[in-house]
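Summary of the model geometry
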Amino acid sequence: MALVVKKFGGTSVADLERIAAVAERVKRSVDAGDRVAVVASAMAGETDRLVGLCRAAAAGDGDPAEMCEYDSVVAAGEQISTGLLALTLQRLGVPARSWTGWQVPVRTLGHHGSARVDTIDPAALLASIDAGVVPVVAGFQGVDANGRIATLGRGGSDTSAVALAAALGADRCDIYTDVDGVFTTDPRIVAKARKLDRISFEEMLEMASQGAKVLQTRSVAMAMQHGVRLQVLSSFNDRPGTLVVPEGDIMEQEVVSGLAYSLNESRISVMHAPDRPGVVAAIFSPLSQAGINVDMIVQTSAKVGEVANVTFTVPETDLDRAVSLLEAARDEIGYKDLIADRGVVKISAIGLGMKSHSGVAETMFKTLSERAINVDVISTSEIKLSVLIKADYLELALRALHAAYGLDAKEEPYGGS
Ligand code: ADP
Ligand code: ASP
Ligand code: MG
């Protein structure tokens, strides 16, 4: 008898009809003899609604007391969906009960709003499964050392599911969502995106961290670390999904396996700064002290040894804070102008084969230049090449690059976008 964790995302539990379909799916698995634990997200749109209410109610300075209450409010969405799913399972004759994070308990560390899972005590859930009662666990939430509800960051139910699978020693963790699996890129933007039967943990980690929201980045890292067998599939049909597997299980590595994009980007250019040692440190120190993550960086010298321009990206959600910090440090840094731009997007090509093949950058720059798309900033890692472009060109660039890297499917899985 396999022990399986099944996680259902927001669109999979969007209304009572969808919840009934999910309950039927869980029932089929239980009837087939599986030992099942369920993790559910909030009903689609609910977390956004709750975040909006918090923003309207709060002063908005994000201090710890404020974030504690934020977590208490936004975690409520999962309490409702898990309760409704447990009720529906009971109606279908499947014994079930709902669990909030603190009831399990899922213990967390770190900041409210982006807490990390520390430990999960699996005893009560295992006892429930052994007694034939399906536990339906609220994703996205846990409890901190002070007994306060903490949430794991947007998309965090994926991480809840993987953490639970690791703690329960589950044979598999199935992530049910609204597309058939992991695609070569977001199938909602590129109609010719192709579903991957398998993807390596390394590539999936890079895809997720570069913006492919189909799995939360930390869920992939955790599955990799704990050897959780992870599968992404649709809750809307019975087609096979995508298995996330160790690198060694993939016989032939694609040079580019997929493209990701991130909209949460903004660009800052510090113009006409003195070109001398210590200036770059003076720009980035206040940002790092404030916990602002700087991603892509490029420095150019207008006149060698005299003035330099430093351009870099920060998450759009941190742009206002970053600009205020740099304005406060203007005299110390000694720059003339500061330019901030929200209208940018980052596109990344990802593939294990990049380690040993060249030409990925050439194809990227040639394809974009043929469409007159300007590249603002570039960054690379061993298995990734990222470019920052104007947000207006996102769809055009993604489709063109998808074709140029030979990723296009013959048929469009969702019949056009
Ligand atoms: P859930 O609510 O089930 O957690 P999400 O909205 O978080 O679902 O993630 C699924 C969405 O991820 C898809 O609807 C799709 O638009 C998007 N997505 C982005 N990149 C990819 C990709 N490479 N493969 C599949 N889906 C992707
Ligand atoms: N409901 C949370 C969110 O919308 C967690 C999740 O869906 O994974 O971010
Ligand atoms: Mg999600």
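Now for a look at the structure at hand. Note that the coordinates shown come from a computational prediction; the quantities given were computed from them, not determined experimentally.

Further remarks concern the sheet that holds strand E20 (residues 384–390). In spatial order, the strands read E13-E18-E20-E19; together these four strands make up an open sheet with antiparallel pairing. At either end of the open sheet lies a strand with only one pairing partner, and these are strand E13 (258–262) and strand E19 (377–381). Taking each pair of neighbouring strands and ignoring which way they run, the sheet shows an average axis angle of 20°. Alignment of strand E18 (residues 344–350) against E20, held across seven bridges, turns out to be antiparallel. Within E20, the residue paired with Val344 across the bridge is Lys390.

Turning to the site of ligand 1, a few remarks are in order. The environment of ligand 1 is formed by 18 residues, the closest being Thr177, Asp178, Phe183, Asp186 and Arg188. Phe183 is positioned with one of its backbone polar atoms (N or O) 2.9 Å from a nitrogen atom of ligand 1. At a separation of 3.4 Å, an oxygen atom of ligand 1 approaches a polar side-chain atom of Lys213. In the complex, the protein chains occlude 89% of the 580 Å² of accessible area that ligand 1 would expose alone. Residues of the shell around ligand 1, tallied by class, amount to eight nonpolar, five polar and five charged.

Moving on, we come to the packing of aromatic side chains. Ring pairs (aromatic) are described by centroid distance and by the angle formed between their planes. In the structure shown here, the tally under the stated rule is two aromatic pairs. Plain terms: the ring middles of Phe8 and Tyr176 are 4.8 Å apart, the flat faces sit at 10° to each other, and that makes the pair stacked. Of this pair, Phe8 sits in strand E1 (residues 3–8) while Tyr176 is found in strand E9 (residues 172–177), placing the two residues 168 residues apart along the sequence. There is no split in this pair, since Phe8 and Tyr176 are both buried. Measuring from ring centre to ring centre gives 4.9 Å for Phe284 and Phe312, while their planes differ by 75°; the resulting arrangement is edge-to-face. Here the residue Phe284 occupies a position in helix H9 (residues 279–289), and Phe312 occupies one in strand E16 (residues 307–314), the gap between them amounting to 28 residues. Owing to a relative accessible area of 0%, Phe312 belongs among the buried residues under this scheme. The ring of Phe236 carries the charged tip of Arg18 above its face, separated from the ring centre by 3.7 Å.

In the region of ligand 2, the neighbouring residues are Ser41, Ala42, Thr47, Glu78, Phe140, Arg154, Gly155, Gly156 and Ser157. Interatomic distance of 2.8 Å between a side-chain N/O atom of Thr47 and a nitrogen atom of ligand 2. Take Gly155: an N or O atom from its main chain is 2.8 Å from an oxygen atom of ligand 2. About the coverage of ligand 2: the protein hides 86% of its 260 Å² of free accessible area. Taken together, the residues of the shell around ligand 2 break down into two nonpolar, five polar and two charged.

Conventions used here
Along each chain, residues carry numbers from 1 onward, in the same order as the chain's sequence is written. Starting at A for chains and at 1 for ligands, labels are handed out in the order in which the entities are written. Selection of residues for local features in this predicted model requires a pLDDT of at least 70, selection of side-chain atom pairs for listing and counting requires 80 or more, and totals for whole chains, interfaces and linings are taken over all residues. In computing side-chain values, all of the structure's heavy atoms are included and hydrogens and water are not. The pairing criterion for strands is at least two bridges between them, as found by DSSP. Each helix is a run of H or I in the DSSP string that is no shorter than four residues. Each strand is a run of E no shorter than two, and both are numbered from the N terminus. Interaxial angle, 0 to 180 degrees, is taken between N-to-C directions of lines fitted to C-alpha atoms, where a helix line uses only the stretch in contact. If even one non-hydrogen atom of a residue comes within 4 Å of a molecule or strand, that residue is called near it. For this analysis, a polar contact is any N or O atom pair within 3.5 Å, provided that within protein one partner can donate a hydrogen and the other can accept it, and provided that sequence-adjacent residues contribute only side-chain to side-chain pairs. Note on areas: these come from Shrake-Rupley sampling with a 1.4 Å probe, and a residue is covered only by the protein chains present in the view. Lys, Arg, Asp and Glu make up the charged group, whereas Ala, Val, Leu, Ile, Met, Phe, Trp, Tyr, Cys and Pro make up the nonpolar group; the residues left over, Gly among them, are polar. Planes of paired rings set the category: under 30 degrees apart is stacked, over 60 is edge-to-face and the rest tilted, where pairs are Phe, Tyr or Trp rings (Trp by its six-membered ring) whose centres lie within 6.5 Å. In this scheme, a residue with accessible area under 20% of its type's maximum is buried, one over 50% is exposed, and one in between is partly exposed, where area comes from a 1.4 Å probe on protein chains only. Only when the NZ of Lys or the CZ of Arg is both within 6 Å of the ring centre and within 35 degrees of the ring normal is a charge said to sit over the ring.

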